[in-house]
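Commentary on secondary and tertiary structure
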Amino acid sequence: NYICKSTFDAIINLSINYNKPIGNGIITALNLKQAKERSGIIKSNKPNKGLEATRAILSILKNGPKKI
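For the structure given in this document, a descriptive report is provided here.

About the cut-offs
Position numbers for residues start from 1 in each chain and track the written sequence from start to end. Local features in this predicted model are restricted to residues whose pLDDT is 70 or higher, and side-chain atom pairs enter the listing and the counts only when it is 80 or higher, whereas totals over whole chains, interfaces and linings include all residues. As a rule here, side-chain values come from all non-hydrogen atoms in the structure, and water together with hydrogens is ignored. Strands here are runs of E lasting at least two residues and helices are runs of H or I lasting at least four, both read from the DSSP assignment and numbered beginning at the N terminus. We take the radius of gyration over the C-alpha atoms and set the globule estimate at 2.2 Å times the residue count to the 0.38 power. With a 1.4 Å probe rolled over the protein chains alone, any residue whose accessible area is under 20% of its type maximum counts as buried; one over 50% counts as exposed, and the rest are partly exposed. Here, a salt bridge means any side-chain nitrogen of Lys or Arg that lies within 4 Å of a carboxyl oxygen of Asp or Glu. By this rule, a helix spans an expected 1.5 Å times one less than how many residues it contains. Definition of a polar contact: a pair of N or O atoms within 3.5 Å, with one able to donate and the other able to accept a hydrogen when the atoms are protein atoms, and with sequence-neighbouring residues admitted only if both atoms are side-chain atoms. Surface patches are drawn from residues lacking salt bridges whose relative accessible area is over 30%; two like charges belong together within 9 Å, two nonpolar side chains (Val, Leu, Ile, Met, Phe, Trp, Tyr) within 5 Å. Residue burial considers only the protein chains on display, and all accessible areas are found by Shrake-Rupley using a 1.4 Å probe. Note on contacts: a residue pair qualifies if any of its non-hydrogen atoms lie within 4.5 Å across the two residues.

1. Examining the overall build of the protein
Counting its secondary structure elements, the protein contains three helices and zero strands. In the protein, the succession of helices and strands from N to C terminus is α-α-α. For a compact globule of 68 residues, the expected C-alpha radius of gyration is about 11 Å, and the protein comes in at 14 Å, more than 25% above that figure. Across its three principal axes, the protein shows a C-alpha extent of roughly 40 × 30 × 15 Å.

Below, the structure written as structure tokens:
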């Protein structure tokens, strides 16, 4: 959890400092099987987190960020 939080914080800071979207596809898993399931390497009903992050960034790059 510590490594994940530190990495996430660094990604957020880079995104803010450079005003660019950066996807976060960090997988926090308790074991190799979980990591493979979450990354789509082995068939599972778990979502592919890396693919989700990639699609989110591509959507932002294609459509632009939403105005709030």
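So much for the structure itself; the text now carries on.
2. Let's talk about the side chain of glutamate 37
Examined against the element boundaries, glutamate 37 turns out to sit in helix 2 (residues 32-39). Take glutamate 37: its relative accessible area is 15%, and that puts it in the buried class.

3. Focus: the pattern of salt bridges
Two side chains of opposite charge can pair, provided their charged atoms sit close to one another. In the structure shown here, the tally under the stated rule is two salt bridges. Between glutamate 37 and lysine 33 there is a salt bridge whose closest N-O contact spans 3.4 Å. Highlighted residues: glutamate 37 and lysine 33, both in helix 2, separated by four residues, approximately one helical turn. Lysine 33 gets classed as exposed once you look at its relative accessible area, which sits at 55%.

4. Observations concerning helix 3 (residues 49-63)
For helix 3, spanning 15 residues, the distance from its first C-alpha to its last is 21 Å, which sits close to the expected 21 Å at 1.5 Å a residue. For helix 3, the N-terminal cap is asparagine 48; the gap from its side-chain oxygen to the backbone nitrogen of leucine 51 is 3.0 Å. The first or second residue beyond helix 3 is glycine 64, which carries a positive phi of 85°.

5. Side note on helix 2
Sitting at the head of helix 2, asparagine 31 places a side-chain oxygen 3.2 Å from the backbone nitrogen of lysine 33. Glycine 40 sits one or two positions beyond helix 2 and adopts a positive phi of about 85°.

6. Here's the deal with unusual backbone geometry
Trans is the common state for peptide bonds, and a negative phi is the common state for residues other than glycine. Non-glycine residue asparagine 19 carries a positive phi angle of around 50°. Looking at where asparagine 19 falls in the secondary structure, it is placed in the loop between helix 1 (2-18) and helix 2.

7. Points about a nonpolar patch on the surface
On the surface, Phe8, Ile12 and Ile16 cluster together into a nonpolar patch covering about 280 Å² of accessible area. With respect to the element layout, phenylalanine 8 can be found in helix 1.

8. A look at the side chain of serine 15
Examined against the element boundaries, serine 15 turns out to sit in helix 1. Reaching out from serine 15, the side chain makes a polar contact with the backbone oxygen of lysine 20 at a distance of 2.5 Å. Excluding residues that lie within four positions of it along the chain, serine 15 makes contacts with Lys20, Pro21 and Ile22.

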